[in-house]
Amino acid sequence: MSAVAPPPIADEPLHRRLGVTDQELGVIETKLGRPPNDLELAMFSVMWSEHCSYKSSKPLLRTLPTAGEVVVAGPGENAGVISIGDGLAVAFKIESHNHPSAVEPYQGAATGVGGILRDIFTMGARPIAVLDALRFGDPSDPRTRHLVNGVVRGVGGYGNCVGVPTVGGELVFDSTYGGNPLVNVMAIGLLEERLLTLAAAPGPGNLAVLFGSTTGRDGIGGASVLASATFGADEPSKRPTVQVGDPFAEKLLIEASLELIERGLVEGLQDLGAGGITCATSETADRAGTGILIDLDAIPRREPGMAPFEVMISESQERMLAVILPERWDEVRDVCVRWGLPVAVIGRVTADGDVTVVEGGLDPTGRPNPGALEIARIPAPALTSDAIVHDRLATPPPRQRAAAAPGLEPGPTAGLPERGMDPGAVLLSLIGGANLSSRHWVHEQYDSHVQANTVVGPGHGAAVIRIKGTTRALVAATDGNQSVGRADPWLGAALSVAEATRNVSITGARPLGVTNCLNYGDPTRPEAFWQLQEGVRGLGDACRALGLPVTGGNVSLYNESPTGAIAPTPEIGVVGLLDDVATRVGPAFDAADDAVILVGESTPGLFGSAYAELAGVAPEDGPPSLDLAREGALQVFIREAIGRGLVASAQDVSGGGLAVAVAEGCIWAAGGGVGATLRLPVAGAPAVELFGESPSRLILSCRPRHAPALILLARQHRLPVEQLGTVGGDRLFIELAGQGATGAAEERGSRIADAVDVPVADLAHAWRSGLARALGEDGEPASLPEDR
Amino acid sequence: MVRIGVVLFPGSNRDIDAVNALQVAGAEPVVLWHEAANLQGVDGIVLPGGFAYGDYLRAGVIARFSPVMRAVAAFATEGGHVLGICNGFQVLTEAGLLPGALLRNRSLRFVSREIAVMPERLDSPFTRAIDARRPLRMPVAHGEGCYFADPAALDALEASGGVLFRYVHLDGTVAGGEEDRANPNGSLRAIAGVTNAAGNVAGLMPHPETAVEVVLGSDDGLGIVRSLVDSAAERAHGARPVVVGVGVR
């Protein structure tokens, strides 16, 4: 079994080599009433891995709000499902494929897409959109470039072929991800509610049918060895644990699965992901309170000579387990054969509650043949719902003081925000930087239109996908805030929820639910577990405040490398519903002479901002605060304002602050951009007003005649509101007005200029060219291993 | 109602778009399974985009051997109208029903974005319903879309009116080579779509069938889909001989 845990240490006992602790082995023996054999131990090792069992996070996740009157399926199912009326429902979920992508970026990312798509169509939903949230280290690092290139090609190679549009996501660079990139993929599907299919194995006597690709040696130990352990120096040796994807097989699997469901041929359906056959059989049996008897010899193999444990825990991709009535077998087989997919009856549902594996075959009644050998028998709950749960220690870290900015004396008087910068130059640097510039270099490698539903694709805020045959549309966004989270994991998580939901609300859509991918460090380290605990608390608090259910998600722990743990990264995915797609509002300024209006007010704190990344951070500075009640009011306000037809454009203030939000409105305007002339009252530090990222703020534009009504509506929602100026011309001009701009700043010795004054063409050029320049892709394409 | 077949290969994925576009254009789409050589009496055919048979060897190269393609070839020989879009275009060139070949994009990357094409002529069965010679906005999404033929073949194609669409800038000027973003794949002479000598088979890399409704960003592709539907209807109901081979030797 050396393939499971390289490099083998000769005298290390098997369970440890499989990642099972001595304590866990003791619990296994108690549950079985005997020591497990080697096959059973392998099955436990994958099912009790962090990845499959959520053994560290389960107690935390139970605190999340999951109920809602429209929630049809919540956490615990393959994907959350929310009813949207008219007999339709939307299924969605986000999941990580971080470690496989670090080891083998193309296949890691590709199989990440494949895995989350299967979670969607397993529920009976046709996948209609993918969003991918990617996080890497320093873009100038050759290793980062290699990973970016491979991951982007992998996401595209898979998504383009299966014919599901990639409509959004993120690409973030932060040195925290240098040793451990994050690849989080969200998928959305649409289904008729009557076709909702659950992953259960009801009805003793029913057949367990495996269809899709054959079972091979790829991905052995993916869940246990790769996903649930910290990276050391032996990453290449883990390459055999990475699965290999075949999007063509997945496309056939989608069509065959949806046909089986539509024709009512399956009683239950489960995809095979982490833990392979072991996971699919034990989870479906446990959910139905049944058992499954598995005929090992009946499982179609990709290669001869596979050991039983390899067959049972292989993570070969593009496979599905269906539970069917025996009399449906001929029809089920015909559907699979028509789609060119191998299909086999691999077992029977039993009443004994055990997952049992036999060698030597079953007779036609489903009993083991005479002379057949029972090689494993484990109660299904022991592998899944009754798996071990650890009560981890959580300890907040000692308060860390942020480092002083270069060249500055550390101390409370370091007036960093007014360090004599030209704000126009700062704006150009920010909007042309690796994180805020156009992502088109990435998006143009993804098919974002296939299926003919994409109203708004990637690049300009939330994605909008119309629902064919209706006036309605789904709106989706992902957001994750690691830069604040590294100092305050509660705030980082709450801000992520606030931003993702805000991005949906500013199109006019009503957020329906939240899915999350929690990327954290080693849970056995008390500080990392504290970060996770705080993150889950922030997620729950924000969702409760905004009245949204958490419908599912994924936890990715052990995101650490020899250089340290990643900053806590709660990646939040939100899906919303727009009743009339014609009322949709986008972030781009719409027409000259429109009024530009700021809703909300800034609060102090530059920590975690793109500006701080550029200019450094004052030692005493902290992140801006978040008022969840204010955030909720803001989102209700903007939806109402859009519903009343008062708003021409809406953008939230986020990365790069108000100046970047306004600049985006200018650059993205139809016809090559438009300018704006604004007057920004500055009460405190100009840098905070221009570039601070305090949340719950919007930049709106509207027809001049609508401005009074819009301002009045904001006041009715008790929101600070101010008209800043008008759209027009070909320059972005922001005059800094008030005490803070000149008087106070000058008294403190500031040399900051009093205005931003930049041609929109310059902003557009910086924005468009920034990412390719950061990645060194503006010249010849780099020669990388994927360029075969 | 005119019935237009949409061929479904394993791996086709813009069949959804083609079916939608045909419905918008007022036709009845009929899905044709790749293993059946029976065209169910359809009046015209669309070979949709996607990755037929996974495109693992080379785009379109396996699909040409499928039973349905024998029937499609016979249909084309009889003068039936066949439109290949993206992967469908690749299949038609591999099957020898259209001239030229589609090579990997010069960037060596998949390219997905909105581009513009200019119809070279409005008198073909695939362009007759387009309102005017103007740049038509629609998406491209492909990894192997660089149109290639030797110079003599390109000259002959141009002389015979075989070039149906070229990539252009929004002002209508023809796109340059691979360094020009308006030419998304580096196609020779910016050729985006061609027709055969008889004029009844056409292929193009961009996706008119995804640009048929304003809500999707553009309905400029509808004229192309309508042209196919009108031509097929006319041929089926024998109103008058189809305008084929205009300018063809």
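Residues numbered from 1 in each chain as written. Chains lettered and ligands numbered in written order. Predicted model: local features only at pLDDT ≥ 70, side-chain atom pairs only at ≥ 80, totals over all residues.

**As for the overall build of chain B**
Next up, step 1: Across its full length, chain B holds five helices and 11 strands.
Next up, step 2: Taken over the C-alpha atoms alone, chain B extends approximately 45 × 40 × 40 Å along its principal axes.
Next up, step 3: Burial analysis of chain B (249 residues in total) assigns 57% to the buried set.
Next up, step 4: A separation of at least 24 residues holds for 78% of the contacts in chain B among residues at least 6 apart in sequence. (Helix = DSSP H or I, 4+ residues; strand = E, 2+ residues; numbered from the N terminus. Buried ≥ 20, exposed ≤ 12 C-beta atoms within 10 Å, placed from the backbone. Contact = placed C-beta atoms within 7 Å.)

**Concerning the overall build of chain A**
Next up, step 1: Secondary structure summary: chain A contains 25 helices and 28 strands in total.
Next up, step 2: The burial tally for chain A puts 62% of its 788 residues in the buried class.
Next up, step 3: Residue pairs in contact within chain A that sit at least 24 positions apart in sequence constitute 83% of those at least 6 positions apart.

**Let's talk about the environment of aspartate 218 of chain A**
Residue and element names in this part refer to chain A.
Next up, step 1: Counting through the fold element by element, aspartate 218 comes out in the loop between β7 (207-212) and α9 (222-226).
Next up, step 2: Separated by 323 residues in the primary sequence, aspartate 218 and aspartate 541 have C-alpha atoms spaced 41 Å apart.
Next up, step 3: Excluding residues that lie within four positions of it along the chain, aspartate 218 makes contacts with Gln243, Val244, Glu315 and Ser316.

**A short note on the pairing of strand β6 (residues 182-192) of chain A**
Residues and elements named next belong to chain A.
Next up, step 1: Summarising burial for β6: 10 of the 11 residues are buried, a large majority.
Next up, step 2: As paired elements, strand β3 (residues 88-96) and β6 share nine bridges and run antiparallel to each other. Counterpart to leucine 88 in the pairing with β6 is glutamate 192.
Next up, step 3: Of the strand pairs in this sheet, strand β4 (residues 126-136) and β6 are connected by nine bridges, and their pairing is antiparallel. (Pairing = 2+ DSSP bridges.)

**Describing the nonpolar core**
Next up, step 1: Formed by 257 residues in total, the largest nonpolar core has its most connected members in Met43, Ala322, Ala476 and Val497 of chain A together with Ile4 of chain B.
Next up, step 2: Core analysis: the next-biggest nonpolar cluster, separate from the first, contains 72 residues, Ile642, Ala650, Leu713 and Val727 of chain A among them. (Core = buried A, V, L, I, M, F, W, Y, C linked by C-beta atoms within 7 Å.)

**Notes on helix α25 (residues 760-774) of chain A**
Residues and elements named next belong to chain A.
Next up, step 1: Its 15 residues place the ends of α25 21 Å apart at the C-alpha level, agreeing with the 21 Å of an ideal helix rising 1.5 Å per residue.
Next up, step 2: Of all the bends in α25, the greatest, near 30°, is centred on arginine 768.
Next up, step 3: Looking only at α25, the buried set comprises Val760, Leu763, Ala766, Trp767, Gly770, Leu771 and Ala774.
Next up, step 4: At its buried positions, α25 is contacted by α15 (423-431), α16 (440-443), α21 (657-667), β27 (731-737) and β28 (755-759).
Next up, step 5: Note on α25: the residue one or two positions beyond its end, glycine 776, has a positive phi of about 70°. (Expected span 1.5 Å × (residues − 1). Bend = angle between axes of the 7 residues up to and from the residue.)

**Re the sheet that holds strand β18 (residues 550-556) of chain A**
Residue and element names in this part refer to chain A.
Next up, step 1: Pairing within the open sheet is mixed, and its six strands lie in the order β14-β15-β16-β21-β17-β18. In this open sheet, the two strands that pair with only one neighbour each are β14 (454-456) and β18. Sheet twist, expressed as the mean angle between neighbouring strand axes with direction ignored, is 20°.
Next up, step 2: Across six bridges, strand β17 (residues 510-519) lies against β18 in parallel orientation. What sits directly across from asparagine 516, in β18, is glycine 553.
Next up, step 3: Across the sheet, helix α17 (residues 489-505) touches β16 (473-480), β17 and β21 (569-578), and the angle it forms with β21 is around 25°. (Axes fitted to C-alpha atoms, helices over the stretch in contact; angles between N-to-C directions.)

**As for the sheet that holds β7 of chain A**
Residues and elements named next belong to chain A.
Next up, step 1: Taken in spatial order, the seven strands line up as β8-β10-β7-β11-β9-β12-β13 in an open sheet, and their pairing is mixed. Strands at the two margins of the open sheet, each flanked by one partner only, are β8 (268-271) and β13 (373-379). Strand-to-strand twist of the sheet, defined as the mean angle between neighbouring strand axes without regard to direction, takes the value 25°.
Next up, step 2: In terms of strand pairing, strand β9 (residues 291-295) meets strand β11 (residues 343-350) through four bridges, oriented antiparallel. Bridging from a neighbouring strand, leucine 293 pairs with arginine 348 of β11.
Next up, step 3: Contacts from helix α3 (residues 38-47) reach β12 (354-359) and β13 within the one sheet, and its direction differs from that of β13 by about 35°.

**Side note on the confidence of the model for chain B**
Residue and element names in this part refer to chain B.
Next up, step 1: Averaged over all residues, the pLDDT of chain B is 91; the fraction at 70 or higher stands at 94%.
Next up, step 2: A low-confidence stretch, residues 240-249 (pLDDT under 50), is modelled with 25 contacts involving residues beyond four sequence positions or located in other chains.
Next up, step 3: Two summary scores accompany this predicted model of the complex, namely pTM at 0.91 and ipTM at 0.91. (pLDDT = per-residue confidence, 0-100.)

**Description of the packing of α17 of chain A against helix α20 (residues 628-643) of chain A**
Residues and elements named next belong to chain A.
Next up, step 1: Interhelical geometry of α17 versus α20 gives an angle of 10° and a closest axis separation of 10 Å. The orientation of α17 relative to α20 falls into the category roughly parallel. Every residue of α20 that contacts α17 at Ala494, Ala498, Thr501, Arg502 and Ser505 is listed here: Leu628, Glu631, Gln635, Ile638 and Arg639.
Next up, step 2: Grouping the amino acids of the contact of α17 with α20 by side-chain chemistry returns four nonpolar, three polar and three charged. (Parallel < 35°, antiparallel > 145°, perpendicular 65-115°, else oblique. Nonpolar A, V, L, I, M, F, W, Y, C, P; charged D, E, K, R; others polar.)

**Thoughts on the interface of chain B and chain A**
Next up, step 1: In this assembly, 22 residues from chain B lie in contact with 26 residues from chain A.
Next up, step 2: Mapped by element, the contributors of at least two residues to the side of chain B that touches chain A are α1 (15-24), β6 (111-119) and β7 (136-142) of chain B.
Next up, step 3: Considering only residue class, the side of chain B that touches chain A consists of 10 nonpolar, eight polar and four charged.

**A few points about the packing of helix α10 (residues 247-262) of chain A against helix α13 (residues 329-338) of chain A**
Describing two packed helices takes the angle between their axes plus the distance from one axis to the other.
All names here are of chain A.
Next up, step 1: One way to put it is that α10 packs onto α13 with a least axis distance of 9 Å and a crossing angle of 155°. As the angle between them shows, α10 and α13 are arranged roughly antiparallel. The hand of the α10/α13 crossing is right-handed. Residues Ala256, Glu259 and Leu260 of α10 lie in contact with α13, whose contacting residues are Val332, Val335 and Cys336.
Next up, step 2: Looking at the contact of α10 with α13, its residues break down into five nonpolar, no polar and one charged. (Left-handed = near helix turned anticlockwise from the far one by under 90°.)

**Observations concerning the pairing of strand β10 (residues 319-324) of chain A**
All names here are of chain A.
Next up, step 1: In terms of burial, β10 is largely enclosed, as six of its six residues are buried.
Next up, step 2: Covered by surrounding structure in β10 are Arg319, Leu321 and Val323 together with Met320, Ala322 and Ile324, the residues of both alternating faces.
Next up, step 3: Looking at chain direction, β7 and β10 are connected through six bridges and run antiparallel. Opposite alanine 208, over in β10, you have valine 323 as the bridge partner.
Next up, step 4: Bridge count for β8 against β10 is four bridges, and the pairing is antiparallel. Looking at β10, one finds that leucine 269 is bridged to alanine 322.

**Remarks on the environment of alanine 615 of chain A**
Next up, step 1: For alanine 615 of chain A, the position within the fold is in helix α19 (residues 610-615).
Next up, step 2: Note on alanine 615 of chain A: 20 C-beta atoms within 10 Å, which makes it buried.

**Remarks on unusual backbone geometry**
Next up, step 1: We note that aspartate 86 of chain A has phi near 55°; this positive angle belongs to a residue other than glycine.
Next up, step 2: Relative to the helices and strands, aspartate 86 of chain A is located in the loop between β2 (80-85) and β3.

**Overview of the confidence of the model for chain A**
Next up, step 1: Residues with a pLDDT of 70 or more make up 90% of chain A, whose mean pLDDT is 88.
Next up, step 2: Of the regions scoring below 50 in pLDDT, residues 780-788 of chain A engages in 11 contacts with residues more than four places distant in sequence or in other chains.

**Examining the environment of isoleucine 16 of chain B**
Next up, step 1: Mapped onto the fold, isoleucine 16 of chain B is located in helix α1.
Next up, step 2: For the pair isoleucine 16 of chain B and valine 6 of chain B, spaced 10 residues apart in the sequence, the C-alpha separation amounts to 9.4 Å.
Next up, step 3: Filtering out sequence-adjacent residues up to four positions away, isoleucine 16 of chain B remains in contact with Gln451 and Ala452 of chain A.

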